[in-house]
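Below, each chain spelled out in residue letters.
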Protein chains: 2
Amino acid sequence: MAVYTEVGDEELDDLVAQYDIGRVVSCKGIAEGVENSNFLLQTDAGTYILTLYEKRVDAADLPFFLGLMDHLAAGGLACPRPIHGRDGKALRSVAGRPAAIIEFLQGRWPRRPKPVHCAELGKAMAELHNAARDFPMRRPNALAIGDWRPLFEACKDRADEVHAGLAADLERELDTLEASWPSGLPDGVIHADLFPDNVFFLDNRLSGLIDFYFACNDFLCYDVAICLNAWCFETDGSFNVTKARVMLQAYREVREITESEYYTLPILARGSAMRFLLTRLYDWLNHPEGAFVQPKDPLEYYAKMRFHRAIIGPSAYGLDY
Amino acid sequence: MAVYTEVGDEELDDLVAQYDIGRVVSCKGIAEGVENSNFLLQTDAGTYILTLYEKRVDAADLPFFLGLMDHLAAGGLACPRPIHGRDGKALRSVAGRPAAIIEFLQGRWPRRPKPVHCAELGKAMAELHNAARDFPMRRPNALAIGDWRPLFEACKDRADEVHAGLAADLERELDTLEASWPSGLPDGVIHADLFPDNVFFLDNRLSGLIDFYFACNDFLCYDVAICLNAWCFETDGSFNVTKARVMLQAYREVREITESEYYTLPILARGSAMRFLLTRLYDWLNHPEGAFVQPKDPLEYYAKMRFHRAIIGPSAYGLDY
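It should be emphasised that the depicted structure is a prediction, and the values quoted were computed from it without experimental measurement. Within each chain, residues carry numbers counting from 1 in the order of the written sequence. A letter from A marks each chain and a number from 1 marks each ligand, given out in the order of writing. The predicted nature of this model means local features are confined to residues of pLDDT at least 70 and side-chain atom pairs, given and counted, to a pLDDT of 80 or more, with totals for whole chains, interfaces and linings taken over all residues.

Trainee: A description of the overall build of chain A should follow, citing residues and the corresponding values.
Mentor: For the purposes of this entry, the term helix denotes a DSSP run of H or I that reaches at least four residues, the term strand denotes a run of E that reaches at least two, and both are numbered from the N terminus. Scanning chain A from terminus to terminus reveals 9 helices and 9 strands. Its C-alpha atoms give chain A a radius of gyration of 20 Å, within 12% of the compact-globule value 20 Å for 321 residues. Seen along its three principal axes, the alpha-carbon backbone of chain A occupies a region of about 60 × 45 × 35 Å. Note on burial: count the other C-beta atoms lying within 10 Å of the residue's C-beta; 20 or more is buried, 12 or fewer is exposed, in between is partly exposed, and C-beta positions come from the backbone. Relative to its 321 residues, chain A shows a buried fraction of 44%. The long-range share in chain A, meaning contacts at least 24 apart out of those at least 6 apart in sequence, stands at 73%. The reference for a compact globule is 2.2 Å times residues^0.38; the radius of gyration itself is calculated from the C-alpha atoms. Residues are scored as being in contact if the C-beta atoms we place from backbone atoms lie within 7 Å.

So this is what it looks like as structure tokens:
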């Protein structure tokens, strides 16, 4: 839950005056999102999201993120469009922060995803991968496999405070991942953060994807692996193979999963678990006392990593090849 | 900033189904308000606020608060109405908490109040006092003068951690307040928490008052004293007599300020400063490590208390009698 930056009255009016979206009737900070400050902005013309990009977002990446959203929406993907001002620009500055006004997307993210949500997600993810194919900009994944070891090194000495033996196990796992990470898989733009709170539904139909601020170029199936972890485990830690199967099937109906993608899915899933485990572990060990944002439990992703390590192959995800 | 309780998807749908307000298209936690969990609820019929009342609100008081809002809105005051379900009830239970859906009020609260806002506030406060006159329910002020000494006793031993000499000064001030607190002033229902974040404006016109969860029966001019403190000091601590004058004048144009009210305004203002100083001091000394909500600075109100102690009389507020 996060609003890090306050926006003054005149400043907001001055901002909105640069767009053709009417005049402000309400602006309320939203208690969702941890990286940026988000406001639900109502004007007499409609509802919008005003986002102020905080420190964790590199301002140099914003043209990629906003351009991608424009591109995907133009390509028919259900995602909000950045609003462009009369000068054509979507990105500007508010309260000393880069800022953008984004279309408001109807829907709610599912607190307890069901198989129907996973199927919808699989379809939309494949549509995203297809729609981004001709997006001309590139952004390397800032949390790709090459970035995990430095992150691990920064946590290693204190990892066992969180779980006995964690440091040694993660070191071995990193060795394995680095040695067996695939190459040459189909790549393109991925969302890279398709957690349930970034996927909105109306009456069990997907209404849109949001929060493209981790989007980057990587293996397309790495996105699928992230979603296996984020959507297909129950809160008790058990893997729900039905959810995985319907997600993968729905994905495959829109975009083919190649044989090499299929067989590397377990290692991609282990890698995705490592990536979220490490960033959570880092935040867990380094979050300031009294911080607004409660850090997420890194051990949730340790359990997921061990699940993928123990399976006999990708058929454990409910999909045959 | 606060959302303490999550509401499940089905639970929200079940709740909304009890009202004639359409179906949910969006529900987002709002990062405003510290006492309760607030959500901006959008349905295909309109926008609403869903409030879940958390521990600090006594559920037994809710019929008073909601009934008052109904009464004031019916009397023409600009304030949101509780929405009543098909069974006629406004108060129900969600996620184990008492909950209500309230009309959404357009407008923004002023981050930097100007005299024009203070004048609008004075008028609306007097309208509130008038409109509440025939409200049949009563609620004693839970933070009235009799409650300050126990609060002080709970802080006394550590008060000097916040400011050297604070404990002794507050003890003397409490003695003075108790000895000279007026009696027999005009009383009625007051808002008791009319801070800028509870007063909304559209283009410098007041669009409504919100957050009646401290409303109670007390001296009407105690509300005025609270507003002198909350609206008429600059961020540098200086008192802006122009703001006070226009607020009091606008109030007086709607509801007469009696002579005894006028002459007791400085002691009421000292008392109001004491009340907010003490609750802030208590929260400052007792807030848990790592809490969401940053406690407010108690010394802001210590400075205000000393201002009212130093003036020669109510003419310092810019108003003659």
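Trainee: For the pairing of strand 2 (residues 37-43) of chain B, give the residues involved together with the corresponding values.
Mentor: Residues and elements named next belong to chain B. When you tally the buried positions in strand 2, you get 6 out of 7 residues, the bulk of the element. The rule for pairing is simple: two strands pair if DSSP sees at least two bridges between them. Looking at chain direction, strand 1 (residues 24-29) and strand 2 are connected through 5 bridges and run antiparallel. Across the sheet, Ser26 pairs through a bridge with Gln42, a residue of strand 2. As paired elements, strand 2 and strand 3 (residues 46-52) share 7 bridges and run antiparallel to each other. Bridge pairing in strand 3 places Leu41 opposite Tyr48. Following strand 2, the chain reverses through 2 residues before pairing antiparallel with strand 3.

Trainee: Give a detailed account of helix 9 (residues 298-310) of chain B, specifying residues and quantitative values.
Mentor: All names here are of chain B. What a helix is expected to span follows from its residue count: subtract one and scale by 1.5 Å. Taking 1.5 Å of rise per residue, 13 residues should cover 18 Å, and helix 9 covers 19 Å from first to last C-alpha, within 8% of that figure. Within the span of helix 9, buried status applies to Pro298, Tyr301, Tyr302, Lys304, Met305, Phe307 and His308. Packing partners of the buried residues in helix 9 comprise helix 4 (145-162), helix 5 (166-180), helix 6 (220-231) and helix 8 (259-286).

Trainee: An account of the sheet that holds strand 2 (residues 37-43) of chain A is needed here, citing residue identities and associated values.
Mentor: Residue and element names in this part refer to chain A. Spatially, the 5 strands line up as an open sheet ordered 1-2-3-5-4, and their pairing is antiparallel. If you trace the sheet from one side to the other, it starts and ends with strand 1 (24-29) and strand 4 (92-94), each paired once. Taking the axes of each pair of neighbouring strands and ignoring which way they run, one obtains an average angle of 35° across the sheet. Sheet topology places strand 4 next to strand 5 (residues 97-103); 3 bridges connect them, and they run antiparallel. The residue bridging Val94 from the neighbouring strand is Arg97, located in strand 5. A fitted line through C-alpha atoms represents every axis, and for helices the fit uses only the stretch in contact; the resulting angles, taken between N-to-C directions, go from 0 to 180 degrees.

Trainee: Explain helix 7 (residues 241-254) of chain B to me, and be specific about the residues and the numbers.
Mentor: Residues and elements named next belong to chain B. Look at helix 7: 20 Å from first C-alpha to last across 14 residues, which is about the 20 Å you get at 1.5 Å a residue. Three or more residues of helix 7 are buried, namely Lys243, Ala244, Val246, Met247, Leu248 and Tyr251. If you follow the buried residues of helix 7, they end up packed against helix 3 (115-131) and helix 6.

Trainee: Can you explain the nonpolar core? Please cite residues and give values.
Mentor: Soluble, globular proteins show a tendency: their nonpolar side chains are buried together. Here, a nonpolar core means buried Ala, Val, Leu, Ile, Met, Phe, Trp, Tyr and Cys residues linked by C-beta atoms lying within 7 Å of one another. Leu121, Cys227 and Met247 of chain A together with Leu121, Cys227 and Met247 of chain B are the most contacted members of the largest nonpolar core, which has 188 residues in total. With residues near it in sequence (within four places) discarded, Cys227 of chain B still touches Leu121, Met125, Leu194 and Met247 of chain B.

Trainee: Give me the sheet that holds strand 1 of chain B: which residues, what numbers.
Mentor: Residue and element names in this part refer to chain B. Strands sit in the order 1-2-3-5-4 across an open sheet of 5 strands; the sheet is antiparallel. In the strand order of this sheet, the two ends are held by strand 1 and strand 4 (92-94), each with one partner. Strand-to-strand, the axes of this sheet are offset by a mean angle of 35°, without reference to chain direction. Pairing geometry for strand 3 and strand 5 (residues 97-103), over 5 bridges, is antiparallel. Note on strand 5: the bridge partner recorded for Leu52 is Ala99.

Trainee: Please give an account of the domain arrangement of chain A that cites residues and values.
Mentor: All names here are of chain A. Domain boundaries in chain A define domain 1 (9-103) and domain 2 (115-317). A separation of 27 Å is found between the C-alpha centroids of domain 1 and domain 2. Listed per partner, the contact involves 18 residues of domain 1 and 19 residues of domain 2. Ten residues, namely Ala, Val, Leu, Ile, Met, Phe, Trp, Tyr, Cys and Pro, are considered nonpolar, four, namely Asp, Glu, Lys and Arg, are considered charged, and the remaining ones, Gly among them, are considered polar. Of the residues belonging to the side of domain 1 that touches domain 2, the class tally is 11 nonpolar, 4 polar and 3 charged. What marks off one domain from the next here is an automatic or database domain assignment.

Trainee: Describe the environment of Asn130 of chain A, naming the residues involved and giving the relevant values.
Mentor: Residues and elements named next belong to chain A. Within the element layout of this structure, Asn130 appears in helix 3 (residues 115-131). Classification of Asn130 by C-beta neighbours within 10 Å gives partly exposed; the count is 17. Sequence spacing of Asn130 and Asp13 is 117 residues, and the spatial spacing of their C-alpha atoms is 38 Å. In contact with Asn130, other than residues within four places in its own chain, are Val254 and Arg255.

Trainee: Tell me about the environment of Leu170 of chain B, and name the residues and values.
Mentor: Residues and elements named next belong to chain B. Secondary-structure assignment places Leu170 in helix 5. Its 24 C-beta neighbours within 10 Å are what place Leu170 among the buried residues. Aside from chain neighbours lying at most four places away, what touches Leu170 is Phe152 and Ala159.

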